[in-house]
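Architecture at a glance
Here is how the chains run, residue by residue.
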Amino acid sequence: MDKIFEWGHSRRYNDYPTYIKNKFGGRVQKISVNVGFSCPNRDGTKGTGGCIYCDNITFKPGYCEPGKTVTDQLNRGVDFFSKKYPDMKFMAYFQSYTNTYAPVENLKKLYYEAISVPNIVSLVIGTRPDCISKELLEMLAEINRNIPVTIEFGLESTNDKTLKEINRCHTWNDSLNAIKMCADVGIDTCGHIILGLPGESDSDMLTHAKIISELPLTSIKLHQLQIIKNTKLANIFASNPNYVKLFSLDDYLVFIIRFLELLNPKIIIERFVSVSPIEKLIAPKWNRMKNFEIVAKIEKALINNDTWQGKYFQSKT
Ligand code: SF4
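A brief structural summary. (Residues numbered from 1 in each chain as written. Predicted model: local features only at pLDDT ≥ 70, side-chain atom pairs only at ≥ 80, totals over all residues. Heavy atoms only, no water.)

Some words on the site of the ligand
Operational definition: One heavy atom within 4 Å of a molecule or strand is enough for the residue carrying it to be called near that molecule or strand. Ten residue types, Ala, Val, Leu, Ile, Met, Phe, Trp, Tyr, Cys and Pro, are classed as nonpolar, four, Asp, Glu, Lys and Arg, as charged, and the remainder, Gly among them, as polar.
Around the ligand lies a shell of ten residues, among which Cys39, Gly50, Cys51, Cys54 and Arg128 are the nearest. Residues of the shell around the ligand, tallied by class, amount to six nonpolar, one polar and three charged.

See the structure below:
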């Protein structure tokens, strides 16, 4: 008989689809909303150049679908998926750029508009760790009493030297404070981590797993570093290919297993890889493998090695 892990099933990591199914009683699809937020690391408030891997062409402050309100954007997505899956429920996903970077009163209007769309059962807000406040969290905690709210933070690294190198213009302490402030008001958090950032060794990256494991973080999204066209990183890479050591697919699979083994089993894994459109991607190309194919390889490797998330996790508390 298959081993049942502490997250209640035999899959060897605490996976997001199962968590969502248990939480909402069925499938829930994220629908992206873009209302044209900017970013303080672009407009001069924190920095002007942006993070070195941020795509300058895609980054269009003020962009949103012309004439499309939050309601229009969500309804379009809901209609599309409901035709195929009539029982499906939806999350309003404020995804692009820094979705808390506006006065709280303006944000409140946008978020309340989103949750009033029929069949929206959850609100997910992507932002930077240095762009939240007590006032904002009080407003979100109020929404969270009615429908679940998750804040997604771009953490990227737990190492301040790396954060400086990639020009994030925030510190790890900002990330720690943001996650703790959300936990204090009962709001779920997701953290993005990029694996393979300049200057980070395997040991540095495994330290991220240990540090993150001690935080009240609900879920994580892991990404391998990719070189995307029209970024500062692409320019640096063109003149100095040794600036970063990009993962081969095989090395990434081995590394992810080691990362998972150290990770707190309570943390839900939303994503293991990011696969950018081939027309934008410079490297690594990994034979154009799709996200689900890579996840299947990770699952197979976990079984073959008879290992699982948290196998070597040791809580310090
Ligand atoms: S915080 Fe996000 S949107 Fe802003 S520069 Fe960095 S990657 Fe781009």
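And the narrative resumes.
Here we look at the pairing of strand E4 (residues 149–156)
The side chains of a regular strand alternate, residue by residue, between the two faces of the sheet. As a reminder, the rule being used: The buried label goes to any residue with under 20% of its type's maximum accessible area, the exposed label to any with over 50%, and the partly exposed label to all in between, with areas taken from a 1.4 Å probe on protein chains only. What counts as a helix is a DSSP run of H or I of at least four residues, what counts as a strand is a run of E of at least two, and both are numbered from the N terminus. Here, a strand pair is defined by DSSP locating no fewer than two bridges between the strands.
Within E4, eight of the eight residues are buried, which leaves it mostly tucked inside the rest of the structure. Burial of E4 is two-sided: the residues Val149, Ile151, Phe153 and Leu155 facing one way and the residues Thr150, Glu152, Gly154 and Glu156 facing the other way are all buried. Judged from the five bridges that link them, strand E3 (residues 120–127) and E4 form a sheet pairing that is parallel. Looking at E4, one finds that Val124 is bridged to Thr150. As paired strands, E4 and strand E5 (residues 188–195) are joined by six bridges and run parallel to one another. Bridge pairing in E5 links Ile151 to Thr189.

Observations regarding helix H2 (residues 70–84)
We apply this condition: To estimate how far a helix should extend, the number of its residues minus one is multiplied by 1.5 Å. As used here, the arc is the angular range of directions from the helix axis to the C-beta atoms. By definition, residues are in contact when any of their heavy atoms lie within 4.5 Å.
Spanning 15 residues, H2 covers 22 Å between terminal C-alpha atoms, matching the ideal 21 Å at 1.5 Å per step. Of the residues making up H2, those classed as buried are Val70, Gln73, Leu74, Gly77 and Val78. Each buried residue of H2 lies within a common arc of 125 degrees when the element is viewed along its axis, so the set occupies one face. Exposed and oriented more than 90 degrees from the buried face of H2 are Phe80 and Lys83. Taken together, the buried residues of H2 touch strand E1 (28–33), strand E2 (89–94), helix H3 (104–115) and E3.

Notes on the sheet that holds E3
How we decide: Fitted lines through C-alpha atoms give the axes, limited to the stretch in contact for helices. The angle between two N-to-C directions lies from 0 to 180 degrees.
Read from one edge of the open sheet, seven strands run E1-E2-E3-E4-E5-E6-E8, paired in parallel fashion. Edge strands, defined here as strands with exactly one partner in the open sheet, are E1 and strand E8 (268–271). Mean inter-strand twist for the sheet, computed between neighbouring axes without regard to direction, equals 25 degrees. Those strands touched by helix H1 (residues 16–24) are E1, E2, E3, E5 and E8, and its axis lies near 115 degrees from that of E8. Contacting E3 and E4, helix H4 (residues 134–144) crosses the sheet at an angle of about 135 degrees to E4.

Details of the packing of aromatic side chains
We count it as follows: In this analysis, rings of Phe, Tyr and Trp, with Trp reduced to its six-membered ring, are considered paired at centre separations within 6.5 Å, and the interplanar angle assigns stacked below 30 degrees, edge-to-face beyond 60, and tilted for intermediate values.
Under the defined criterion, the tally for this structure stands at eleven aromatic pairs. With a centroid separation of 5.3 Å and 80 degrees between ring planes, the pair formed by Phe94 and Tyr111 is classed as edge-to-face. Of this pair, Phe94 sits in strand E2 while Tyr111 sits in helix H3, and the two are 17 residues apart along the sequence. Like Phe94, the residue Tyr111 is buried in the burial classification. With a centroid separation of 5.5 Å and an interplanar angle of 40 degrees, the aromatic rings of Phe247 and Phe255 are classed as tilted.

Nothing here speaks to function; it is all geometry.
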